[in-house]
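Overview (structure and organization)
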Amino acid sequence: MAPPSLWWAKETHRGTPVVVKMENPNNWSMVELESPSDEEFVYENDTVPKGGRNRNAKQLTWVLLLKAHRAAGCLASIAAAFLSLTSAVRRRVASGRTDSADTPVKSRFFACIKAFLLLSLLLLAFEVAAYFKGWHFRQPDLRLYDAAVVRSAFDSLYSTWVLIRVGYLAPPLQLLTTVCIVLFLIQSLDRLILCLGCLWIKLRNVKPLAKHCIVDLESGDGDGYFPMVLVQIPMCNEKEVYQQSIAAVCNLEWPKGRMLVQVLDDSDDPITQSMIKEDVHKWQQNGANIIYRHRVIREGYKAGNLKSAMNCSYVKDYEFVAIFDADFQPNPDFLMRTIPHFKDNEEVGLVQTRWSFVNREENLLTRLQLINLAFHFEVEQQVNGIFLNFFGFNGTAGIWRIKALEESGGWLERTTVEDMDIAVRAHLHGWKFVFLNDVECQCELPESYEAYRKQQHRWHSGPMQLFRLCLPAIIRSEISILKKANIIFLFFLLRKLILPFYSFTLFCIILPMTMFIPEATLPSWVVCYIPATMSFLNILPSPKSFPFIVPYLLFENTMSVTKFNAMISGLFQLGSAYEWVVTKKSGRSSEGDLISLAEKEQPPPARHRNNSEPNLDEMREEIMQQEQLAAQKKKKKKKKHNRIYTKELALAFLLLTASARSLLSAQGIHFYFLLFQGISFLLVGLDLIGEQVE
């Protein structure tokens, strides 16, 4: 009879529970219910061999089979993803749609990149040939071979090339490298100071406080502070989102007689015009104080639209104007939480609120945008608002004192950043700004790379246009020298000009050049450690985005080509400087969300609301009609396509060529950075980030 201990072990040991499903001999699968632990194996005579535990052969076989099954599934998933990626690339190449399809005039910027790429390919071939002939340079500061070593014409040619590098090319390249490193460190210091300022605000719980609290609307107009408010919704061919923005604005909690909503429609599509006009009429019939305006002469883009609306005779009766773009949905208490900051504070000209995003997790592109915008609002806007009372107006989700707009010259169409323009001019006239980080307004992020690219081009071209136009006025203004220095050196030069300049020049031009001219060196801490630290600081306001820190770092460098191109265009007034393209919206807040909003906000009869909501049955019927109309127009609608972006592709091949050259010099960090950055450019150039159109 077996000892009790061994009998107990045999009874309790269950092996590896596995279910084998077999429909037929050619179709079977295994499911592991519970992996065996080390203690569950049986040992003979309760002993463990010196070399390890004596595991049962069948158990080991099943475990190995399960591991192999998992590995096969993983390989199958990778293969499927690779095939899908290959198919997408093949479709892009076959369609032949590039970013240059809409611009017949060839870009000089792209021509320079192509020339640089061709030169790098020639140099790579030259360096590889020299490598196999014995010219092995593993240190950045190379030792030239003695003349006696030169035995052939190729050796003579290569030694001459090395002399040219050392004597003529390396010194100016090293000087440019040093200048860019200094600019990089200054900009990093500025970002660090902003983060420290934000930390101080958090620790001290500093935030703007209203001097007057608005009482509940049930108390009546006479018991609280309810100034006349004009609400403007500028839009242009944005039929995907107009309904939700109009509904949200008409649900704002404010006395009916003290608020007017202007729907400023610049659409050139007759169908979109009629849809918006019909929606406005519906809200008018249900008691909303709302009007529809359409310009006959559509000049000046958004600035011209706002300027035209402010010229209406009835505007003189209003004290404040709130502006919401077509995809923005303010909460019902938006005015109740923002207007009090103007009370008894005649110096405040603007109250700006924070944006939140309904589609922040839609794809990788929206997640990366969230990191940038979270830092912009949480750190930049908040710190500048608390310490300087000045920041750039975001163009929407803000309230202006109409007197401040008029004294500053009103809306001007001279740049593509009319919001920044009016903010700078108002600051020069002594007006103060308030930023409310705890008041949010929902909106959408662009989901396609094409839309995001055009948006970033406008955002980085416009400030340079504005800087040229505003510099004389800034110098002549009566504000303090410190405020002038802040606007000129920090607001414009450092954050709008130097940032895109060094980002593109340092990582997309200088770094590849140092691979072919190794006598000029770029330290590893500039390539790796400082950018990683800055990315870490940028991602702090959105901690859930930490898994995307590496893609974020690579993508920001990839976007530097667009931002640099836009900055140069705006600074020197090149052809694309005044390009204005309305950012494409997808309407992620669906009609179902709109109905939920109406149901949620339907007030009891006792409340003095500014309007009554439309009948829900009518709203559902209208939504069904619009869906049928959209289905009818679907065939006639212009089909969307993913594009190939030539500048990004050219830079991808340039960086990959430089990474191949870095292997000859055994530069580890530089090789990996160039490799992954080149892959990042390649993915963006093939439009594999963001919305994918089948």
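The structure reproduced in this document is the subject of the present report. (Residues numbered from 1 in each chain as written. Predicted model: local features only at pLDDT ≥ 70, side-chain atom pairs only at ≥ 80, totals over all residues. Heavy atoms only, no water.)

**Some details on the nonpolar core**
Grouped together as the largest cluster of nonpolar side chains are 89 residues, with contacts concentrated most on Ile-246, Leu-335 and Trp-400. Here the element with the most residues in this core is strand β10 (residues 432–443); it accounts for seven residues. Once residues within four sequence positions are removed from consideration, Ile-246 is found in contact with Ile-233, Val-263, Ile-276, Asp-279, Val-280, Trp-283 and Ile-290. Counting 50 residues, the second-largest nonpolar core is a separate cluster that includes Ala-130, Met-464, Leu-511 and Ala-658. (Core = buried A, V, L, I, M, F, W, Y, C linked by side-chain atoms within 4.5 Å. Buried < 20%, exposed > 50% of the residue type's maximum accessible area, 1.4 Å probe, protein only. Helix = DSSP H or I, 4+ residues; strand = E, 2+ residues; numbered from the N terminus. Contact = heavy atoms within 4.5 Å.)

**As for the side chain of Asp-327**
In this fold, Asp-327 is placed in the loop between β6 (320–323) and β7 (329–330). Among the polar contacts made by the side chain of Asp-327, one reaches the main-chain amide nitrogen of Glu-444 at a distance of 3.1 Å. Contact partners of Asp-327, with chain neighbours within four places excluded, come to Val-241, Gln-244, Gln-442, Cys-443, Glu-444 and Lys-585. (Polar contact = N/O pair within 3.5 Å; in protein donor to acceptor, adjacent residues only side chain to side chain.)

**Quick look at the sheet that holds strand β9 (residues 398–401)**
As summarised here, the arrangement of the eight strands in space is β5-β4-β3-β6-β9-β8-β10-β7, forming an open sheet in which the pairing is mixed. Bordering the open sheet on either side are β5 (290–294) and β7, each of which pairs with just one other strand. (Pairing = 2+ DSSP bridges.)

**Here we look at the environment of Ile-475**
With respect to the helices and strands, Ile-475 occurs in helix α12 (residues 449–476). Judged by relative accessible area, Ile-475 falls into the exposed class, the value being 52%.

**Some remarks on helix α11 (residues 418–428)**
Counting buried positions over the 11 residues of α11 gives 11, a clear majority of the element. Listed as buried for α11 are Glu-418, Asp-419, Met-420, Asp-421, Ile-422, Ala-423, Val-424, Arg-425, Ala-426, His-427 and Leu-428. Contact partners of the buried residues in α11: α7 (301–310), β9, α10 (402–407), β10, α12 and α13 (481–516). Just beyond α11, the residue with positive phi is Gly-430, at close to 90°.

**Re the pattern of salt bridges**
Under the criterion given, the structure shown has 22 salt bridges. The shortest N-O distance in the salt bridge between Asp-325 and Lys-302 comes to 2.9 Å. With Asp-325 in the loop between β6 and β7 and Lys-302 in helix α7, this pair connects stretches of sequence that are 23 residues apart. Note that Glu-450 is salt-bridged to Arg-643, the shortest N-O span being 3.2 Å. In this pair, Glu-450 is assigned in helix α12 and Arg-643 in the loop between α17 (616–633) and α18 (646–664), connecting sequence segments 193 residues apart. Looking at Arg-643, the relative accessible area reads 13%, which means it is buried. What you see here is one network of salt bridges that share partners, running through Glu-127, Arg-165, Glu-519 and Arg-661. (Salt bridge = Lys/Arg side-chain N within 4 Å of Asp/Glu carboxyl O.)

**Observations regarding the environment of Leu-571**
Along the polypeptide, Leu-571 turns up in helix α15 (residues 549–571). C-alpha of Leu-571 to C-alpha of Pro-463: the two residues are 108 residues apart in sequence and 8.6 Å apart in space. Not counting residues within four places of it along the chain, the set of residues in contact with Leu-571 comprises Met-464, Arg-468 and Leu-497.

**Points about the packing of α13 against α18**
Taken N-terminus to C-terminus, the directions of α13 and α18 make an angle of 40°; their axes are 8 Å apart at the nearest point. Put simply, α13 runs oblique to α18. When the axes of α13 and α18 are compared, the crossing they make is left-handed. Facing α13, whose interface residues are Phe-504, Phe-507, Cys-508, Pro-512, Met-515 and Phe-516, α18 presents Leu-651, Leu-654, Leu-655, Thr-657, Ala-658, Arg-661 and Ser-662. Of the residues belonging to the contact of α13 with α18, the class tally is 10 nonpolar, two polar and one charged. (Axes fitted to C-alpha atoms, helices over the stretch in contact; angles between N-to-C directions. Parallel < 35°, antiparallel > 145°, perpendicular 65-115°, else oblique. Left-handed = near helix turned anticlockwise from the far one by under 90°. Nonpolar A, V, L, I, M, F, W, Y, C, P; charged D, E, K, R; others polar.)

None of the figures reported here should be taken as evidence of function without further support.
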